Amino acid sequence: MSTAMNFSSKAFTPRPPDKGSFPLDHFGECKGFKDTFMKCLRDNSFDNSKCRLQSKDYLQCRMDNQLMAKEPLEKLGFGDLKETSPSQEDKE
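For clarity, every value in this text was computed on a predicted model and none was experimentally measured.

The rules we used
The numbers attached to residues start from 1 for each chain and follow its sequence in the written order. Only residues with pLDDT of 70 or above have their local features reported here, since the model is predicted, and side-chain atom pairs are shown and tallied only from 80 upward, although totals for entire chains, interfaces and linings are computed over all residues. Side-chain metrics rest on all non-hydrogen atoms present in the structure, leaving aside hydrogens and water. Helix numbers and strand numbers start at the N terminus; a helix is a DSSP run of H or I with at least 4 residues, a strand a run of E with at least 2. The cut-offs for exposure are 20% and 50% of the maximum accessible area for each residue type, with area from a 1.4 Å probe on protein chains only; residues under the lower value are buried, those over the upper are exposed, and the others partly exposed. Only the protein chains shown count as cover for residues, and all accessible areas are computed by the Shrake-Rupley method using a 1.4 Å probe. To define a nonpolar core, start from buried Ala, Val, Leu, Ile, Met, Phe, Trp, Tyr and Cys residues and group those joined through side-chain atoms within 4.5 Å. Two residues form a contact once any of their heavy atoms are found within 4.5 Å. In the analysis that follows, any N or O atom pair within 3.5 Å is treated as a polar contact, provided that within protein one partner can donate a hydrogen and the other can accept it, and provided that, for residues neighboring in sequence, both atoms belong to side chains. Expected helix span is taken as 1.5 Å per residue step, with the number of steps being one fewer than the number of residues. Relevant arc is that of directions from the helix axis to the C-beta atoms, nothing else. Any carboxyl oxygen of Asp or Glu that lies within 4 Å of a side-chain nitrogen of Lys or Arg is treated as forming a salt bridge with it.

Asker: Tell me what's going on with the overall build of the protein chain, and back it up with residues and numbers.
Answerer: A tally of helices and strands in the protein chain yields three helices and zero strands. The burial tally for the protein chain puts 23% of its 92 residues in the buried class. Surface exposure of the protein chain reaches about 7500 Å², of which carbon and sulfur atoms provide 56%.

Dropping the structure here:
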């Protein structure tokens, strides 16, 4: 029981994880991209492989608005996708 009362050890200092934790979008800067991505997931029985373009656009929005650290899209698994977004393709 004396070991449980040992307060002389160094205090644990928590730190955030390297990946997977980022600020919430309190101002809705990327809400449209998120909604498009979520609709795609619902329409495709939550098969995220069918919504990769929407996912890429959403993550790009978050990086552009400093809601997550900037990373090359290739490092996030989008190296095989074209640079144009679905909304740009509709205009052409």
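Picking up after the structure, the text goes on.
Asker: How would you sum up the nonpolar core? Please name residues and give values.
Answerer: In this structure, L59, M63, M68, L73, F78 and L81 together form the largest nonpolar core, which totals six residues. Ignoring sequence-local partners within four residues, the contact set of L73 consists of K56, Q60, M63, F78 and G79.

Asker: Help me get a handle on the environment of Q66, residues and values and all.
Answerer: Structurally, Q66 is set in the loop between α2 (52-64) and α3 (86-91). The exposure class assigned to Q66 is exposed, which follows from its relative accessible area of 63%. Separated by 43 residues in sequence, Q66 and P23 place their C-alpha atoms 8.8 Å apart. Side-chain polar atoms of Q66 contact the backbone oxygen of D64, separated by 3.4 Å.

Asker: Could you give an account of helix α1 (residues 31-43), with specific residues and numbers?
Answerer: Taking 1.5 Å per residue as the helical rise, α1 with its 13 residues ought to reach 18 Å, and the 18 Å between its terminal C-alpha atoms agrees with that figure. Buried residues of α1: F37, C40 and L41, and no others. One side of α1 carries all its buried residues, which in axial view fall inside an arc of 100°. Those residues of α1 that are exposed and aimed more than 90 degrees away from the buried face are R42 and D43. Looking at the residues trailing α1, positive phi occurs at S45, about 50°.

Asker: Please set out the environment of F78 residue by residue, giving values where relevant.
Answerer: Assignment of secondary structure puts F78 in the loop between α2 and α3. For F78, a relative accessible area of 7% puts it in the buried group. Aside from chain neighbours lying at most four places away, what touches F78 is R52, S55, K56, L59 and L73.

Asker: Any details on unusual backbone geometry? Residues and values, ideally.
Answerer: Look at F46: it is not a glycine, yet its phi comes out positive at around 60°. Assignment of secondary structure puts F46 in the loop between α1 and α2. One non-glycine residue with positive phi stands out, namely Q66, at about 55°.

Asker: How would you sum up the pattern of salt bridges? Please name residues and give values.
Answerer: In total, this model carries seven salt bridges according to the counting rule given. Across the salt bridge formed by K31 and D35, the nearest N and O atoms sit 2.9 Å from each other. Here D35 and K31 lie together in helix α1, a separation of four residues that amounts to about one turn. Take K31: its relative accessible area is 45%, and that puts it in the partly exposed class. Under the relative-accessibility criterion, D35 is labelled partly exposed at 33%. By sharing partners, the salt bridges in this structure join K31, K34 and D35 into a single network.

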